[in-house]
Structure formats: structure tokens, C-alpha cells
Amino acid sequence: MDGAAFTTLERATAQDVNRACASAREAFEDGRWRDLPPAARKKVLHRLADIIEERALELTVLGVRDNGTEFGMALKAEAGSAAGTFRYYAEALDKVYGEVAPTSPDVLGLVQREPVGVVGAIVPWNFPLMIGAWKLAPALAAGNSVVLKPAETASLTLLKIAEYAMEAGLPDGVLNVVTGEGAVAGEALALSMDVDVLVFTGSGPVGRRLLEYSARSNLKRVYLELGGKSPNIVFADAENLEKAAQVSAMGIFRNSGQVCVAGSRLLVERSIHDEFVEAVSRHAEALKVGDPLSLDSQIGAINSDRQLQGNLGFVTDATAQGAEIALGGGRILESTGGYYMEPTVLTGVSPEHRVFQEEVFGPVLAVTAFDTEEEALRLANATDYGLAAGVWTSNLSRAHRMVRGVRAGVVHVNTYGGSDNTVPLGGVKQSGNGHDKSLHAMDKYFDLKTAWIQL
Ligand code: NAD
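The model shown is predicted, which means the values in this text are computed figures rather than measured ones.

**With respect to the UniProt feature "domain: Aldehyde dehydrogenase" (unreviewed entry) in the chain**
Alright, step 1. UniProt's entry tags residues 3–450 with the feature "domain: Aldehyde dehydrogenase" (unreviewed entry), counted in the numbering of this structure.
Alright, step 2. Taken end to end, residues 3–450 is 40% helix and 17% strand, and its first and last C-alpha atoms sit 55 Å apart.

**Observations concerning the pattern of salt bridges**
Alright, step 1. On inspection of all chains with the given rule, the structure shows 30 salt bridges.
Alright, step 2. A salt bridge links arginine 47 to glutamate 54; its shortest N-O distance comes to 3.6 Å.
Alright, step 3. Judged by its relative accessible area of 33%, arginine 47 is partly exposed.
Alright, step 4. Close ionic contact of arginine 398 with aspartate 237 constitutes a salt bridge, the shortest N to O distance being 3.0 Å. With a gap of 161 residues between them, arginine 398 in helix 14 (residues 396–405) and aspartate 237 in the loop between strand 8 (231–234) and helix 9 (241–253) connect regions that are remote in the sequence.
Alright, step 5. A single salt-bridge network, built from bridges that share partners, covers Arg25, Glu29, Asp194 and Asp196.

**Concerning the site of the ligand**
Alright, step 1. In the vicinity of the ligand, 30 residues are found, and the nearest of them are Val123, Glu152, Ser203, Leu226 and Glu359.
Alright, step 2. At 2.7 Å from a nitrogen atom of the ligand is found a main-chain nitrogen or oxygen belonging to leucine 226.
Alright, step 3. Its free accessible area being 850 Å², the ligand has 92% of it covered by the protein chains.
Alright, step 4. Placement of the ligand is best described as lying within the largest pocket.
Alright, step 5. Looking at the shell around the ligand, the elements that each hand over two or more residues are helix 7 (182–191), strand 6 (197–201) and helix 8 (204–216).

**Overview of the nonpolar core**
One broad rule of soluble globular proteins: the nonpolar side chains tend to lie buried together.
Alright, step 1. In this structure, Ile52, Phe86, Val146, Ile161 and Phe253 are the most contacted members of the largest nonpolar core, which totals 88 residues.
Alright, step 2. Here this core gets ten residues from one element, more than from any other, and that element is helix 5 (residues 128–141).
Alright, step 3. Two domains each donate at least three residues to this core, and these are domain 1 (14–226 + 432–454) and domain 2 (231–413).
Alright, step 4. Excluding residues within four positions of it along the chain, isoleucine 161 makes contact with Leu48, Ile52, Leu59, Phe86, Leu129 and Leu136.

**Looking at the sheet that holds strand 8**
Alright, step 1. The strand order 10-13-14-9-8-15-16 describes an open sheet built from seven strands, whose pairing is mixed. On the outer flanks of this sheet lie strand 10 (324–327) and strand 16 (410–413), each paired with one strand and no other. Adjacent strand axes in the sheet meet at a mean angle of 25 degrees, parallel and antiparallel pairs treated alike.
Alright, step 2. Where strand 10 lies against strand 13 (residues 344–347), three bridges are found, and the strand directions are antiparallel.

**So, the sheet that holds strand 1 (residues 99–101)**
Alright, step 1. Overall, antiparallel pairing links the three strands, which are arranged 1-2-17 in an open sheet. Of all strands in the sheet, those with a lone pairing partner are strand 1 and strand 17 (446–454), marking the two edges. Here the average twist between neighbouring strands, direction ignored, is 25 degrees.
Alright, step 2. Two elements, strand 2 (residues 107–115) and strand 17, share nine bridges in a ladder whose sense is antiparallel. Within strand 17, the residue paired with glycine 109 across the bridge is tryptophan 452.

Definitions and cut-offs
Residues numbered from 1 in each chain as written. Predicted model: local features only at pLDDT ≥ 70, side-chain atom pairs only at ≥ 80, totals over all residues. Heavy atoms only, no water. UniProt positions renumbered as here; feature names shortened; annotations may be inferred. Helix = DSSP H or I, 4+ residues; strand = E, 2+ residues; numbered from the N terminus. Salt bridge = Lys/Arg side-chain N within 4 Å of Asp/Glu carboxyl O. Buried < 20%, exposed > 50% of the residue type's maximum accessible area, 1.4 Å probe, protein only. Near = heavy atom within 4 Å. Polar contact = N/O pair within 3.5 Å; in protein donor to acceptor, adjacent residues only side chain to side chain. Areas by Shrake-Rupley, 256 points an atom, 1.4 Å probe, with all protein chains shown as cover. 1 Å grid on protein atoms, 1.4 Å probe; cavity = no way out; pocket = protein on both sides within 12 Å on 5 of 7 lines; lining within 4 Å. Sits in = over half its atoms within 2 Å of the grid points. Core = buried A, V, L, I, M, F, W, Y, C linked by side-chain atoms within 4.5 Å. Domains from an automatic or database assignment. Contact = heavy atoms within 4.5 Å. Pairing = 2+ DSSP bridges. Axes fitted to C-alpha atoms, helices over the stretch in contact; angles between N-to-C directions.

What follows is the structure, given as C-alpha cells:
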């Protein structure tokens, strides 16, 4: 947020990671957590949620200083959401049953759910607590041990969660957090023979490597939640274009666009293109970008200089390829220092442009005009990603056709970006292969065991 060093962190070596994995393995094998009655595990996870809520303010300030997300958003989306996630899975853990199979009468076929063992979790910097909790809560609820590696630029709140978990009564060794570099600590975790399942949120290139590490080690299952280039499609028949413009602006610019489901491609019906771009730009321009700890700021900082330079590079390339800057495009120099960027709107973007195809992960909106519903659908699906989408229309049949036709894990209709713990979040195509949130997420953390009993 001010570009200055805030603290220093241990850089875990491969040996450190292996020690953490061995500790998690031991804790799993001796049953100190998985063999507790469900009610006892539930109590620990609720207590952890209580502690997170009690210290939400402290956690939020720590997290904002670490990663630069605007305070209001961080309070809700980080501490607030993490507490809710621990509660959700605390309540879920004794409601997940096995099955009795419809076998022949002389056999009893039982399908039992067993915790997988040691879960390795690797998470990014944009919402470390929220995403960390999406992995930790169901993994622990299912009775597993976990070794978690946070991102280099956002480790502090997850280190706190490890402390709070011990305070809440989680037995030693069940949750281990190792800080350090992806290429060292992350790689060691992904290669560990002690890790049974690896869950990851981050970029596509790292996701690919994790699949390789799995193949090179113990064939651990790897679940990937990757990036997106999500289309937000606005038809001229949308009921309230002003509201659509305002929500679309927040759909890309909150947390400076550093949101996996950000609606980063705006597809607009040509007849309303100019007025809609003007409205989105007006709402975006009104957003106050600045010190994320100031309550006046609606948008905070870019996470790192590297990220900022990458964002600016996308703008340069887009204009070189023929796109036009309707708003922003540059760095904001803040008196506090740090990395800030203007909300940026690029028009005249076409599928050949890099900014149409690749995830920026910054405050850059790429606008493309379309003439027909078929063309909108074709453009929506014309990238390798499939994480999220938005559709604005007052035509119910069209809304359903678009929900069916857009290849994405979530399609928002007449809104953008809403979600809660009751629904899964995951991508299709190269946006990933797993789901966080909801009861479906628990499947990743269980093995199925069949008991075939001759009667
Ligand atoms: P990243 O892939 O660079 O890093 C993610 C994590 O992987 C970090 O902890 C990093 O240290 C680690 N890592 C890096 N190299 C590694 C290696 N060789 N082996 C093992 N681990 C390694 O991603 P990022 O920049 O932290 O996060 C941004 C990305 O995350 C974006 O692509 C964004 O879309 C994605 N994301 C996806 C979701 C989702 O739910 N699908 C949510 C949030 C963010």
C-alpha cells in the first residue's frame, strides 16, 4: 500500500516443508483430529470462527497492509467471509453421510467416506483469508491434516489463522503453515510424498506445473482454481442500463481488478455501445482510488510493482493493436507511495487482441461491441477461460439461453459477482477442474471406501 517493507518472513526451504508434511502425516495417522467425535471437531471450528470474528478488525488491518485491498472490501470479504466459511463447514461435517448400496440380498455394500490424509494447499495473494478458508475449513471438517503455503506477498493473516486454530483447540500438527517462495516451498509441497491431495488457487502456468509435480511424485489428486477472462454481456433490452453500468464498473474495478471472477470483458450490444461505455466510465471515474486503509478509498492498491508493470504493459499492447483508451490507462502517484492504477476502459477490443484473451488481473476493462445474440455468445466463449460471466437482459428466454450457452462455472444474470457459501465456485476449460464452497467442495477431501460384506 505504500511500497515500503512492512515485515520480513521466513523463506521455507524444501527441508522445512518436508518437516511440516511429516508433522501433518503423523497427526493424521495417530488420529488426534480425525478420530475425534464430529461434535468435538465442530466445536473447534466454531471456536475458530468466533476468534476470527472477535479479531476481525485486527486481522483486516494486517491483511490490508500486506496485500493492499481496500479496507471495506477486505473486512467483508476476508475476515467476515472466512469466519462464515469455518461455520458453514463446522455445521456440514456431521451431515455428510455414507451410503448403503442396492446390492443383492446376500451382500451388504457400504460406501464410506474417509478423510484423504494430508492436504497440501497453495493459495494466492488477492484474497488470502477468504480463499485460504475455502480450502482449510472443508479439509479440516473432513478430518484431514493440512499444510498450507500462502503467497509471498500475502502470508500474514494466514499465519494468524494458524495461531488462532491452536487457541481454538485444534491439536498440534494438524494445521501447518509454511511461508516462502512458490518455486521452492510451493514446489516442495507439491512434490511431497506425504501429501495425498493438493488444492490450489492461482494462475494457469503454476497450475500446469502442479500437475507435472504430481506425475513426478505420488500421483496426488490436484484440484485447480485458476484465472478467468470473464465476459459481462449487456443487451440493449436490459431493464436498467444505469444500474448495469454501475454494477459492471464494480464487477471489474473492485480490489483493483485483482479478482478471479472479475468481469474483465464487457460485451455490449452495438446500439447502446457508446452510451453504455460512457456510463461505465463515469461510474469508474467517480471511484476514489487510494490508500486502502483510508475509509474514503473505494479502491485500494495494486499488490506489487511487478503486477502494476504487467497491467500497464497490457494497456500499451492493446493500444498498439488498435484499441482505444476511453478512460484511465496510467499509474496514479499517491503521496503514500505504493502502486495504484487508474480504472481503465479500453474500447475497440477484438478477439485477436492480447487483452481480450489473457487475464490482466488488474483494473483494465476490455470492451467489444456485438450485433446479435449469436455473436455475443461466440465472443463470450472465444477464450481458453471459463470461470464466470454476466448477462444483462429483461428477456427471460434469452437469459436462460445465455446461461446455457456460456461456458463458465458461474453465470450472473442482471447482476455481477454475487455469491455465498451455499453455491460452488469453480471453472471450466482452462479456468480449473475443482470447486470451492458448498457441500460439493467436501468431495475433494474424502476418499470413498467400499465395504462388501457377505451376509
Ligand atoms: P500464482 O499462480 O503466481 O501464485 C499462486 C500461489 O502459487 C502462490 O502461493 C505462489 O507462491 C505459488 N507458486 C508459484 N510458483 C509455484 C511453483 N512452481 N510451485 C508451487 N507453487 C507455486 O498466482 P497469484 O499471482 O498469486 O494469483 C493470481 C491468480 O490466481 C490469477 O490467475 C487469478 O485469477 C487466480 N485466482 C483464481 C481464483 C479462483 O477461484 N479460480 C481465485 C483467486 C485468484
